[in-house]
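Chain by chain, the residues:
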Amino acid sequence: MKLTTSGLAGKSFHSAVVGKVSWQPVPRKDRNKFILLSKDIPADREQLRGYRGFLTTAKPTADVEAVPTMFSAQELDHLRTNDIVAMEPANGFIRTLYRPDSSHNVVFATQRCNSNCLMCSQPPRDRDDTEALLQRNLELIRLIDTPPSRLVITGGEPTLLGDRLFKLIAALRDKFPTTYLHMLTNGRMFAWSSYTARLAKVGHPDFMLGIPLYSDDPGVHDYVVQARGAFDQTVLGFQQLARYGVRVEIRVVLHAITIPRLSALADYIYRNFTFAEHVALMGLENIGYAPRNMDQLWIDPADYQDQLESAVEILSTRGLNVSIYNHQLCVLRKSLWKFARKSISDWKNMYLEECRGCGVRDQCGGFFQWATKLHSAHIHALPAHFDGPQ
Amino acid sequence: MARVFLPAAVYSTPGTEYRLLPFRFLRLNEQKEILVNDVGDYFIGPVGTAETLVHRKLSRGSDLYSILKAKQFLIDDSSSPLLDLLATKYRTKYGFIDGFTKLHIFVVTLRCDHSCHYCQVSRQTADKSTYDMSFEIAERSVDLMMQTPAKNITLELQGGEPLLAFDVIRHIVPLAKRKAQFLEKNLDIVVTTNLANATDEMLFYLRDENIKVSTSLDGPAVIHNANRPRPGNDSYELTIRNIERARRIVGYDRVAALMTTTQLSLSHPIEIIDEYVKQDFHSIFLRPISPYGFAVKTKKKTGYGIDAFLDFYRKGLAHILEINKKGYDLAEVYAKILLTKILTPYGTGFVDLQSPAGAGINVLVYNYDGDVYATDESRMLAEMGDHTFRLGNVRKDSRREIFTGDAFVNLVSASCNQSLTGCSDCAFQTYCGSDPIHNHATQGDIFGHRPTSDFCSRNMEVIKHLFQFIAQQDKEILRIFFAWIHNSGLKDVNRMAPS
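What counts, and where the lines are drawn
Residues numbered from 1 in each chain as written. Chains lettered and ligands numbered in written order. Predicted model: local features only at pLDDT ≥ 70, side-chain atom pairs only at ≥ 80, totals over all residues. Helix = DSSP H or I, 4+ residues; strand = E, 2+ residues; numbered from the N terminus. Buried ≥ 20, exposed ≤ 12 C-beta atoms within 10 Å, placed from the backbone. Contact = placed C-beta atoms within 7 Å. Rg over C-alpha atoms; globule rule 2.2 N^0.38 Å. Pairing = 2+ DSSP bridges. Axes fitted to C-alpha atoms, helices over the stretch in contact; angles between N-to-C directions. Domains from an automatic or database assignment.

## Examining the overall build of chain A
Here is step 1 of the chain: Counting its regular elements, chain A contains eight helices and 17 strands.
Here is step 2 of the chain: By principal-axis analysis of the C-alpha atoms, chain A measures approximately 70 × 55 × 35 Å.
Here is step 3 of the chain: The burial tally for chain A puts 46% of its 390 residues in the buried class.
Here is step 4 of the chain: Sequence separation of at least 24 residues holds for 70% of the intrachain contacts in chain A that already meet a minimum separation of 6.

Now the structure itself:
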């Protein structure tokens, strides 16, 4: 599933536009929310009047400049009426921000981050985009009509928005009080009790943070996130969040650096963060920074099933909710299948040649589209009623 | 954009010094020793682990260093912010103190139809006026009870045989409920009864008032009847019939049973446990006899040494684990209490095994005559003429006077095992408790003498025994333990766990 394409910005189109797209003409009174999509440029220019923007695969012509226009779009077929997109004239990007039909929509808070994880799937950029993205996101929220069942705030590190983050969450609280809101954060900012108190005060009715913890050993965690002192801040952050009653999920990415102490980490989580509502044990994504650090990170999932089972045993028997994300069933020990979730976003997952004829494919999360280059050497098709031990 | 990644060594802790955080240790056997810190986290390692740690011979970068740092046995220059974490865990472990006295035992009458060897204090008499709690004392007792800051309180109605004074119960229950509601407290009510005199009307009353029933079952007929004589020698038959009737009327899960271990019981752990299974109970408390009441007087008939009890306990626990493995859920209550302290971040407010001791702090006893005692055992001592732990009387003393009086102040001076000789440096301190009243009764001194204390031997041995199971890392046994801790069944844990 494509989420970004590009085109050529019209000459007088200078600042980014966010709008809902439509393949069909929209009544004039509603046009100020819409970006019209078309393969060709209408002969009657009046037909473009009043739109927020115009997106076309056609080549540039001089006289449609009354409307912010992007010409020569490489592709528009992935867009469906009512998708919300951003047209960025500065770099020619046309980004899909929201798809009403999907349950995997995200609110992208910032590209900045104060960590620099070895396996970051979304490498940060050091440019202050926080105010611009806040305004874009507030506009996005205004444009969404039907309350989504869930939304994820992600980045970058959303807490780098500082006070702006509270504005964003408050806007979501006000417009979609019944939408489950999840925010992915490294949790370091919550070491400051005043910041945590203010987050709690926003009082979103259905809100949870997903915070990664990679080891019970501070040196190992700090190495993975490439930031000295990050472990202490995250751990103190958990404490503050518990104190203010903010719900948390703990996320662990499994790779060669986190696997050796995984059982100890499970015990540490139980002893210190018993209040965690969910622990997600996640397979490595071969994208972003991960490929360039693969020498340190790679371990075949088939080779860490003992450690994974032991960690799940510790967490689950002590009453914590555990899920395993991003793992294919054929490399996951059968005893762990019930913890496996089909977590890969619909626009990112796919299957391999080896999966052809697999009897449990419907239950399997499959692969990230970028996993095709590097994956377990043990991927194989399973019979429909597989129940033998591995 | 090219970002630089730095190697692991850059993030490992610099320097060579580390400092110790409070912990205690003990040799478990020839090979192993155990280290336990102030918040109950433990590490079992080879003999010499503590020495290596204390003499600063632990090398950074070793696995052991990481483990002991993560469990907060040591601290280095990089981990000082995490002292807050230790403080939180300490607060969590001692959370049971919060709210002060939670269990309030009302002795509504001393009269009883049984004449059990190990009891204690009851009287076989029909004289209501002398041995029943008067309405006036009942009212004053409820008043005093409701002054506790605790939000969640339990009222335990006991005796004697409390159902013999049912009019007193009917007076206390609505009064306590009204006051609890007014003060926004959650009130649980339990009646401790042999059920022999329970009419259907009484049981319907207990059902309507949502009162739980705790009764006595010492084992199969041969043991139960020998331990609990009554005219006709039919206590067992009566008890079984009445448990059935109480379950039918009050509610199946509202009826619990407790056993007391006598000398006769000692050679029959299997039969006693099987009786609990036969009667479809899912918890059993392998309790030693208390050195009080008639139990002291009749020591020859009922008493035994602690080694004999421990032998009984170990055999019993092994049998209980086998029963669980076969699919029948049966928790041993004492093990469950200790395992909660050992395997979870939480403490338990079990009044007989906590520090500060439960006496007065977590439990108060309101006697039929208005006297207030620190524990049920203190009341039994008083019945034998020793009034050391009489804290006051509901007629003359206010709550303030009771909790600032000499008797209470004297008692709490020995309430914390953190400051008792022999306990202050014991590895199991966090899991254990102190019992000044037991010390006084058995050793003539509230501080006690650990090397000759049966309280100490019992707990040391039971805790060591549990650690043997824990150290084996047997998945099935650990799952059974967690089933007990969660008040659930092995099937529920299996459903949650890998399978």
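## A word on the overall build of chain B
Here is step 1 of the chain: A tally of helices and strands in chain B yields 22 helices and 15 strands.
Here is step 2 of the chain: What you see for chain B is a C-alpha radius of gyration of 25 Å, in line with the 23 Å of a compact globule of 499 residues.
Here is step 3 of the chain: Dimensions along the principal axes, computed over C-alpha positions, put chain B at roughly 85 × 55 × 50 Å.
Here is step 4 of the chain: Expressed as a percentage of its 499 residues, the buried residues of chain B come to 46%.
Here is step 5 of the chain: Considering only residue pairs separated by 6 or more positions, chain B has 69% of its internal contacts joining residues 24 or more positions apart.

## Here we look at the sheet that holds strand β7 (residues 152–158) of chain B
Residues and elements named next belong to chain B.
Here is step 1 of the chain: The eight strands lie next to each other as β10-β9-β8-β7-β6-β13-β14-β15, forming an open sheet whose pairing is mixed. Each edge of the sheet is formed by a strand with only one pairing partner; in this case those strands are β10 (255–258) and β15 (390–393). Ignoring which end each strand starts from, the neighbouring axes of this sheet average 25° apart.
Here is step 2 of the chain: By the bridge criterion, five bridges tie strand β6 (residues 103–107) to β7 in an arrangement that is parallel. Bridging from a neighbouring strand, phenylalanine 106 pairs with leucine 157 of β7.

## Structural notes on the environment of A:Leu151
Residues and elements named next belong to chain A.
Here is step 1 of the chain: With respect to the secondary-structure elements, leucine 151 resides in strand β10 (residues 150–154).
Here is step 2 of the chain: Put simply, leucine 151 and tyrosine 180 are 29 residues apart on the chain and 6.4 Å apart in space, counted from C-alpha to C-alpha.
Here is step 3 of the chain: Other than its neighbours up to four places away in sequence, leucine 151 contacts Asn105, Val107, Leu172, Thr179 and Leu181.

## Some words on the interface of chain A and chain B
Put simply, an interface is often sized by how much accessible area is lost when its parts join up.
Here is step 1 of the chain: With 30 residues of chain A at the contact, the number on the chain B side is 30 residues.
Here is step 2 of the chain: Elements with a minimum of two residues in the side of chain A that touches chain B: α4 (218–225), α5 (230–243), α6 (262–272) and α8 (305–317) of chain A.
Here is step 3 of the chain: The biggest single contributor to the side of chain A that touches chain B is α8(A), with five residues.

## So, the domain arrangement of chain B
Here is step 1 of the chain: Looking at the assigned domains, one finds that chain B contains domain 1 (17–93) and domain 2 (100–404).
Here is step 2 of the chain: If you average the C-alpha positions of domain 1 of chain B and of domain 2 of chain B, the two centres end up 40 Å apart.

## Looking at helix α16 (residues 376–383) of chain B
All names here are of chain B.
Here is step 1 of the chain: Burial of α16 is extensive: six of the eight residues sit out of reach of the surface.
Here is step 2 of the chain: Of the residues making up α16, those classed as buried are Asp376, Glu377, Ser378, Arg379, Met380 and Leu381.
Here is step 3 of the chain: Once α16 finishes, glycine 385 follows within two positions and takes phi at roughly 100°, a positive value.

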